[in-house]
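If you want the building blocks of each chain, they are given just below.
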Amino acid sequence: MAVTSSSDDNHRENFRERLLKIDVNLGDCEVEQLKFLCRDFVPSRKLEESSSAMDIFHHLLVGELLSEEDPFLLAELLYIMKQILLLKHLNYTKEQVESLLPTRKRVSPFRNLLYELAENIDSENLKSMIFLQKESMPKIQLTSISFLVHMEKQALIDENNLAVLEDLCAKVAPHLTRKIEKYEREKASQVVTSPVKKETESLPQGEEEVFSSSNFKQVHGAVQEAAVYRMNRKFRGHCVIINNHTFTSTFLQEREGTNKDAECLKLVFQWLGFRVIIKVNVTKKELEEILQNYKRRSDLDDGDCFVFCVLTHGQFGAVYSSDGVLIPIRKITSHFTARECPGLANKPKLFFVQACQGEEIQPSIYIKTDAINPELTNPPLQDSVPDEADFLLGLATVPGYVSFRHKKEGSWYIQSLCNHLKDLVPRHEDILSILTAVNDDVSRRGGAKKQMPQPVFTLRKKVVFPVPQKELS
């Protein structure tokens, strides 16, 4: 609760009237600062649509982060922005805010750090930083704050990974690296507990073992390297889509609706920065040529990731080529092991398969299945993924069951995958979290006819795609 002021006028004033007085005293520059400090409290889309401080106050009120009974968050924001005179409208003084911050602060140390850095990046420093990061920056005029916002949107920085920003500061404004190092030391003191060694126990009285900045960077760097796959090379990577619509074998029907899936995958992965190619009605021989071609590409070293999508009929652990040959999924994925494809070593390799993995069921008029009845003993599903790290296989359905495809709207699985990539990548969700949401979505469809997707993976880190700058058309 706010500390009571001696001003009777403030007590009589309506709370929203006091907020309006604060709004009147904040110009465009301060509104930008306020929006930046509220990025952890208000959705980005709503902040981008806000043109005044009052708009932001409205979102804080709706989110119950600000109220007449407890306006401390706004007091904290104004204090950080050095708008000390405006604190009186909330019945606070500078000293009162400072005394309450240790127990009530809401703005994260990360946000505070970025704000402090933005204040200290002058126009020349900013120009140099933009020049060094030009490939990932939009072609608009940037302030120091909007520059840092775009770095966040591109997932170049977050509270656990400031390596790119620290490198920029070291090259352009070395005095700012001390602020980052201080933040990292304080963060390490909260999360890193070094085991007590016998040598430490025997230190003479009055002496202590110091956890140096270089020690911290080694530990912190190792933790970060293990946390998220790198996504800042020359380009995102290749995405290959095998789209089998018609088949030469009489027992394999046309897959109506598959072109809708292929087009959706193409749009989404292009939006994510991949170089996409679609191959239609691929025979066994053609598939082998495609696999050989992509595993030998000279530009794989320059990419962050590799995606391979297969839209076809299938059986357990295998898919059909357009000429009716059953090809084990393992045969496809095995082309991209570190031994077979050194250019993709230590990089995430993502395979998405829209095909049935079990017995066909009787379809309704607008529902088709991608199943062919298997008459064989099924191997473990895990065998579809090579026995090494960095693979993910997303299957449209669990073993033994069909997957559904609408004749006009496309398959349940691929459509859900595309929709959730569009929705959750901008929220910095990793691929396994996205596939979990896909599982939940697909499992709720169909009434009496049910489908449950299944991912199998040997990923060692999170796959987090940078947020695209452009809207998806």
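Residues numbered from 1 in each chain as written. Predicted model: local features only at pLDDT ≥ 70, side-chain atom pairs only at ≥ 80, totals over all residues. Heavy atoms only, no water.

Naming follows an unreviewed UniProt entry, where the chain appears as Caspase 10 of Rhinolophus ferrumequinum.

The geometry of an aromatic ring pair is captured by the separation of the ring centres together with the interplanar angle, meaning the angle of the planes. Counted under the stated rule, the structure contains 13 aromatic pairs. Seen in terms of ring centroids, Phe 306 and Phe 351 are 6.4 Å apart; in terms of plane orientation they differ by 70°. Their pairing is edge-to-face. Here Phe 306 is found in strand β3 (residues 303–311), whereas its partner Phe 351 is found in strand β7 (residues 349–354), with 45 residues between them in sequence. In terms of burial, Phe 306 and Phe 351 fall into one category: buried. With 6.0 Å between their ring centres and 15° between their planes, Phe 351 and Phe 391 make a pair best called stacked. In this pair, Phe 351 sits in strand β7 while Phe 391 sits in strand β9 (residues 391–395), placing the two residues 40 residues apart along the sequence. Residue classification places Phe 351 among the buried positions, given a relative accessible area of 3%. It is Arg 111 that lies over the ring of Phe 36; its NZ or CZ is 4.9 Å from the centre. The ring centre of Phe 391 lies 5.2 Å from the NZ or CZ of Lys 349, which sits over that ring. (Phe/Tyr/Trp six-rings, centres within 6.5 Å; stacked < 30°, edge-to-face > 60°. Helix = DSSP H or I, 4+ residues; strand = E, 2+ residues; numbered from the N terminus. Buried < 20%, exposed > 50% of the residue type's maximum accessible area, 1.4 Å probe, protein only. Lys NZ or Arg CZ within 6 Å of the ring centre and 35° of its normal.)

Glancing now at the sheet that holds β7. One open sheet holds the 6 strands; their spatial order is β2-β1-β3-β7-β9-β12, and the pairing between them is mixed. Of all strands in the sheet, those with a lone pairing partner are β2 (274–280) and β12 (454–457), marking the two edges. Within this sheet the neighbouring strands show an average axis-to-axis angle of 15°, counted without direction. Set on the sheet, helix α16 (residues 284–295) makes contact with β1 (235–243), β2 and β3; between it and β1 the angle comes to about 175°. (Pairing = 2+ DSSP bridges. Axes fitted to C-alpha atoms, helices over the stretch in contact; angles between N-to-C directions. Contact = heavy atoms within 4.5 Å.)

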